[in-house]
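Read off the chains here:
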Amino acid sequence: MDAHAIAEQLGISAMAVRQHLYALQDEQLIDYEEESRPMGRPAKLWHLTAAADRFFPEGYAELTLSLIHSVTEAFGADGLERLLDIRTREQLGAYLAQMDGQDSWQDRLETLADIRTREGYMANVLPQDDGSMLLVENHCPICAAAEACTGLCDRELEIFQTVLGVDVKRTEHILSGARRCAYRVVLDENQDQ
């Protein structure tokens with residue numbers, strides 16, 4: 001968000017917000033990207049850095065990492081794959097249950113973003129100029145586990161495609177050095193609206 005949007009959200013002046021933003025930037029907790037605007041100077045869009053992750057739920061990283069390593073040691077890579085199969089099936093069932101009665105992929109996408117936000121991903125949906133939508137996750141509460149088991153990210157993409165019933169492509173990935181994970185959602189011309 002830019003300073004004006006943050007100020008509006010908090011009900012304080014943009015100048016006060018900027019003072020806090022620069023202090024947080026000095027602590028390397030946030031950074032910004034410039035975005036061109038039709039008129040005037042580019043806007044600074046502020047976002048959290050990896051250093052800020054410690055202030056958000058991490059999903060019991062140490063325990064999860066230990067369990068991943070233990071499963072792999074005890075049951076091998078095939079055992080870990082079976083475990084991921086079970087997790088995927090359960091997560092998919094839970095997500096689909098929350099989609100009941102939603103016919104459009106756009107409604108399901110908004111619900112998916114809400115679900116993911118409740119899970120700690122700080123997700124939102126951004127419409128794109130080409131008619132596609134971008135599902136953005138600004139935080140990853142399972143990042144340490146995903147680094148140890150990349151199958152978790154692969155399965156998430158599979159789950160998103162199944163839940164939405166449309167093509168989903170990952171365009172940004174925290175594990176690849178991006179500041180966020182982003183998924184481009186496009187309705188195929190052959191699919192129902």
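Check the entry above for the structure.
Residues numbered from 1 in each chain as written. Predicted model: local features only at pLDDT ≥ 70, side-chain atom pairs only at ≥ 80, totals over all residues. Heavy atoms only, no water.

In this structure, what is going on with the sheet that holds strand β5 (residues 167–172)? I would like to understand it.
One open sheet accounts for four strands, arranged β3-β4-β6-β5; its pairing is antiparallel. Since the sheet does not close on itself, it has two edges, and those belong to β3 (123–127) and β5, each with one partner. On average, each strand axis in the sheet is inclined to that of its neighbour by 25 degrees, with strand direction left out of account. With five bridges joining them, strand β4 (residues 133–137) and strand β6 (residues 181–186) adopt antiparallel strand pairing. Across the sheet, the residue bridging to Val-136 is Ala-182, located in β6. The sheet contacts of helix α4 (residues 105–118) involve β3, β4 and β6, and relative to β3 the element is tilted by about 150 degrees. This element, helix α6 (residues 151–164), spans β4, β5 and β6 of the sheet and lies at about 140 degrees to β5. (Pairing = 2+ DSSP bridges. Helix = DSSP H or I, 4+ residues; strand = E, 2+ residues; numbered from the N terminus. Axes fitted to C-alpha atoms, helices over the stretch in contact; angles between N-to-C directions. Contact = heavy atoms within 4.5 Å.)

I keep staring at the packing of α4 against α6 and nothing clicks. Help me out?
Two numbers describe a pair of packed helices, the interaxial angle and the distance between the axes. With their axes 9 Å apart at the nearest point, α4 and α6 run at an angle of 140 degrees to one another. Put simply, α4 runs oblique to α6. In contact with Trp-105, Arg-108, Leu-109, Leu-112 and Arg-116 of α4, α6 contributes Glu-156, Phe-160, Val-163 and Leu-164. Considered class by class, the residues forming the contact of α4 with α6 number six nonpolar, no polar and three charged. (Parallel < 35°, antiparallel > 145°, perpendicular 65-115°, else oblique. Nonpolar A, V, L, I, M, F, W, Y, C, P; charged D, E, K, R; others polar.)

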